[in-house]
Amino acid sequence: MRKIVTLLSAALILFFVNAIAQEGMGKVTGKVIDGNKKTIESSTITLLRARDSSVAKISAADKNGNFEFEKIPEGKYFVSVSAVGHDRGYSEIFEITARKNSVELKTIELVPQTKSLSGVTVTAKKPLVEQKLDRTIINVEASITNVGSTALEVLEKSPGISVDKDGNISLKGKEGVMVLIDGRPTQLGGADLANFLRSMSANQLDQIEIMTNPPAKYDAAGNAGIINIKTKKNRQLGYNGSANAGYSQGRYPKFNEGFNFNYHVNKINLFSNLSHNYNKNYNVLTIQRNFRDKNTKELLSYFDQVARMLNENNSVNAKLGLDYFANKNTTLGIVLTGFSSDRNNTNRNVTNIFNNSGNLNSQTRAFSTGKQDWQNFSTNLNFRQVLDTSGKELTADLDYITYESKNHTSMINSYFDKSGNSTIKPDTLLGALPQDIKIYSGKVDYIQPLKKGARFEAGIKSSFVKTDNNAAYDSVQYGSIVHDNNRSNHFVYQENINAAYVNLSKPINKKWSAQLGLRLENTIGKGNQVTSGEKFTRNYTQLFPTAYVQYTADKKNSFVLNYGRRIRRPDYQSLNPFINFLDRYTYQQGNPNLKPQFSHNVEFSHTYKGTFTTTLNYSRTTDIIQTVIEQNEAKNETFVKQANIARQRQFGIAVNASTSLTKWWKSNLYVNAYNNKYEGLVNNTFVTIDATTLMLNGSQQFQFSKTWSGEISGFYRTQGIEGVIHAKPFGMMSIGLSKQVMKNKGTVRLNLRDVFKTQYFRGESKYSNIDAAFQEHRDSRVLNIGFSYRFSKGKINQRKRSNGSANDEQSRVGTGN
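The structure presented is a predicted model; accordingly, all values stated were derived computationally and were not measured.

> Would you take a moment to explain the overall build of the chain for this structure?
Looking only at helices and strands, the chain features four helices and 48 strands. With 817 residues in all, the chain has 54% of them scored as buried. A fraction of 67% describes how many contacts in the chain between residues 6 or more apart in sequence connect residues 24 or more apart.

As structure tokens, this is what we get:
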């Protein structure tokens, strides 16, 4: 590994030396005035690359409105101008070449706004969905029906994203999504990630970025891609912020409050937010299971099970950060974040057991409780150095993240005959399941513009993670507590990942551009089952190439072909072999033998007028990590675990259309059809499962007047497969109204989610000797009312916030089932 890193570092140094010699020396000058022909001083001037609107340089106009950019590499650009009290203005597109290395722009006139920022908050209406070259962006506040929702519910109705009954997130029908918060991983997986996202209110969110084939700069983790949830950040000079509150009523009440504040003066920028979320809901899960002989498939017994669950969650999220601008080229920053989450749940479970003739034999009643306290604290130190005026930049991040969980469970099983008479003495199981996770991570990234519009990026990263899970179970026997050695387990897992990447993007000519990237990741994992003394070590190094080719046929049509290889490592919790019980006959267990899965993803897309995008995709995954169901016919037990069961092939087509049908009606429609096929060995039986699924997602937004607006949104999914489960069709529709108040400083929103209460899960699993059906209903129809108030005084600051270094690690932590 050291030799590889040394060679890569030497190659980077040689590349830098060569690149520096090729820097462009272009120059652009211009002037900005307002609509009354007066000069505007201190306006912000941004030089943007024409191919993707990315920022090349930022400057400010002098007191006479003049501005200048020097040492600009060859390529096509345009200029964006913003100033307090004016609408944003733009220049025409221009090109810097070896022959024409100096450009003087026409004077840019800015249109004055009718109201200034002093005493009034001016808000721009963002589109709900924005389609970029390498990602899709969802503007959360643009949807009225997001008010009162959790972050998970916002994801659930976003284009291409689906959430199953256990909270597992899929993207375009593929599991293994890496979820980031502000570019940093959540370190959560499966149901644990779902619980964390349920604790976040939609009022905290600004945007959701969906990337199916991320560039080499990002961690290679995430078989299906990356979802980056960006929380609200204010970037204005002076002070600004917002406050919000919401109340929701389904079967049970829910409410949330939040406050954001940012203050930027001289060299100091202070930013903070604090939010609280209370959520109480129910789940009703019904399961029908046929226990069959593995060889003859003859019916042995039949289980009819009903679990009525009540969940209550009370959480607080906080962030405090400070940026120090040492000079115009150097920025130092620190960000402190944390959350505290208290969860309580009860489960009343009744299982009726029938013989193969359909006659009731017995009944088991289980009552279980759980109390879980999660505490998280993280620190990010970041550094940004602009090396010169050509755009060379060096950034660094150091992260320390800790999670602490205290989870106490109890389960009482009572047994009855077919007449309801008690048969044997009830048994009681008590569990104390603490979990501690510590993450250390650091990364360094370098960016250098090259000649003729090319751009070079490189970086290194290292992370170290330690998880400690000590599951202690006790039984109550004749009033005495006895330690259960068979169920208890102490598991410690340590993992070190070292990575390096290079990325080069370049316009080939006026119509063609390309981007190539390569990421190297070395993983060392060590597991220790302290209870049994069993240990394992895994050490593997992999390369992850990425490639993008874009062809711009004309102003209306562009085509993009991209490829990427990705990895999905097992969640830390999935490696832990401890047992989690639903009732006497049903439990789930971790699997320390899980291996990572690898996928090859190819996409070809066409965009028309920037509003209509069609994408064809193909992917092939090996050693896929999937949830499987296995049975013990002798004990009538069913257990769920994750395993590397199969290989997966998927192909599909997706169409996204965003358009304004009239001045007052905006429409966004997303359609995705895909075919999934699984082939592999499950429970010692070769299984082939395939199905074609159609996903529909839409939002219709109406502007009735300057202050009144409305929305109808929803999604529908036809039948499909989720691993070994065949899911039935389901969907939902929501409606909402919005009113601007208090001179546009305040907004009142009212919406009804899942109007017809159609968002419930139904599925079945039939393979080998497995024959089961599932149905789940939850508190999905909810009436929400929310109010937000915005305040600000200052002007926009374009500084980019650091994303942190622990991108993959945080996405694999569990925070409770």
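> Would you explain the pairing of strand β5 (residues 75–82) in this entry?
Regular strands have side chains that alternate between both faces of the sheet. Counting buried positions along β5 gives seven out of eight residues, so the element sits mostly inside the fold. Across six bridges, the pairing between strand β2 (residues 44–49) and β5 is antiparallel. By the bridge assignment for β5, Arg49 is matched with Tyr77. Sheet topology note: the β5/strand β7 (residues 94–96) ladder contains three bridges and is antiparallel. Counterpart to Gly75 in the pairing with β7 is Ile96. With two bridges joining them, β5 and strand β6 (residues 89–90) adopt antiparallel strand pairing. Paired with Ser80 across the strands is Tyr90, a residue of β6. From the end of β5 to the start of β6, which pair antiparallel, there are six residues, and Gly85 there has a positive phi angle of about 80°.

> In this structure, what is going on with the sheet that holds strand β14 (residues 174–175)? I would like to understand it.
The strands making up a sheet are joined through hydrogen bonds of the backbone, oriented either antiparallel or parallel. If you trace the three strands from one edge of the open sheet to the other, you get β12-β13-β14, paired in antiparallel fashion. Unpaired on one side and paired on the other, β12 (161–163) and β14 mark the two borders of the sheet. Judged from the two bridges that link them, strand β13 (residues 169–171) and β14 form a sheet pairing that is antiparallel. Within β14, the residue paired with Ser170 across the bridge is Glu175.

> When you look at the environment of Thr136 in this model, what are you seeing that I'm missing?
As for its position among the elements, Thr136 is in strand β11 (residues 136–139). Given the relative accessible area of 16%, Thr136 is considered buried. A sequence separation of 74 residues divides Thr136 from Ile210, and the C-alpha atoms of the two residues are 5.1 Å apart.

> What is the right way to look at the packing of aromatic side chains in this model?
Think of a pair of aromatic rings as described by two things: how far the centres are apart, and how the planes are tilted against each other in angle. Overall, the coordinates contain 26 aromatic pairs when judged by the stated rule. For the ring pair Phe259 and Phe791, a centre distance of 6.4 Å and an interplane angle of 25° mean the geometry is stacked. Linking Phe259 in strand β20 (residues 253–265) with Phe791 in strand β48 (residues 782–793), this pair joins segments that are 532 residues apart in sequence. On the basis of relative accessible area, Phe259 is assigned to the partly exposed category, the value being 40%.

> It is not clear to me how the confidence of the model for the chain should be interpreted in this structure. Could you clarify?
Reading predicted coordinates in detail is not appropriate for stretches of low pLDDT. This prediction gives the chain a mean pLDDT of 83; 88% of its residues lie at or above 70. Here residues 114–124 is modelled with pLDDT under 50, and outside its nearest four sequence neighbours on either side it reaches 18 contacts, counting other chains as well.

> Before we go on, may I ask you to explain the pairing of strand β29 (residues 480–483) in this structure?
Inspection of the sheet shows strand β28 (residues 455–477) paired to β29 by four bridges, in the antiparallel sense. Bridge pairing in β29 links Asp474 to His483. If you look at the hairpin formed by β28 and β29, you'll find two residues sitting between the two strands, and Tyr478 has a positive phi there, around 55°.

> Is there a simple way to think about the nonpolar core in this case?
Note that soluble globular proteins tend to have their nonpolar side chains buried in a common cluster. In terms of nonpolar packing, the biggest core is built from 42 residues, with Leu155, Ile169, Leu197, Ile208, Ile227 and Ile229 touching the most fellow members. Counting residues in each nonpolar core, the second largest holds 24 residues, with Met309, Ile645, Val687 and Ile770 among its members.

> Any chance you could explain unusual backbone geometry here in plain terms?
A negative phi angle is the norm for most residues apart from glycine, just as the trans form is the norm for most peptide bonds. Even without glycine at this site, Asp623 takes up a positive phi of about 50°. With respect to the helices and strands, the residue Asp623 is situated in strand β37 (residues 612–632). Among the residues examined, Asp623 registers a relative accessible area of 31% and is labelled partly exposed. Residues other than glycine seldom take positive phi values, yet Met742 does so here, at roughly 55°. Mapped onto the secondary structure, Met742 falls in the loop between β44 (730–741) and β45 (746–753).

> Explain the environment of Leu299 to me, please; I cannot follow it from the model alone.
Considering the arrangement of structural elements, one finds Leu299 in strand β22 (residues 299–327). On a C-alpha basis, the gap between Leu299 and Asn769 in space is 9.6 Å, while along the polypeptide they are 470 residues apart. When sequence neighbours within four positions are dropped, the list of residues in contact with Leu299 reads Asn290, Phe291, Arg292 and Asn356.

> Help me understand the pattern of salt bridges in this model?
Close approach of charged atoms lets side chains of opposite charge pair. In the structure shown here, the tally under the stated rule is 17 salt bridges. Residue Lys371 is joined to Asp373 by a salt bridge in which the shortest nitrogen-to-oxygen separation is 3.8 Å. Here Arg384 makes a salt bridge to Glu393, at a shortest N to O gap of 3.2 Å.

> Help me understand the environment of Asn313 in this model?
Counting through the fold element by element, Asn313 comes out in strand β22. When its relative accessible area of 9% is taken as the criterion, Asn313 is described as buried. Distance from Asn313 to Asp373, taken between C-alpha atoms, is 10.0 Å for residues 60 residues apart in sequence.

Cut-offs and rules
- Residues numbered from 1 in each chain as written.
- Predicted model: local features only at pLDDT ≥ 70, side-chain atom pairs only at ≥ 80, totals over all residues.
- Heavy atoms only, no water.
- Helix = DSSP H or I, 4+ residues; strand = E, 2+ residues; numbered from the N terminus.
- Buried < 20%, exposed > 50% of the residue type's maximum accessible area, 1.4 Å probe, protein only.
- Contact = heavy atoms within 4.5 Å.
- Pairing = 2+ DSSP bridges.
- Phe/Tyr/Trp six-rings, centres within 6.5 Å; stacked < 30°, edge-to-face > 60°.
- pLDDT = per-residue confidence, 0-100.
- Core = buried A, V, L, I, M, F, W, Y, C linked by side-chain atoms within 4.5 Å.
- Salt bridge = Lys/Arg side-chain N within 4 Å of Asp/Glu carboxyl O.

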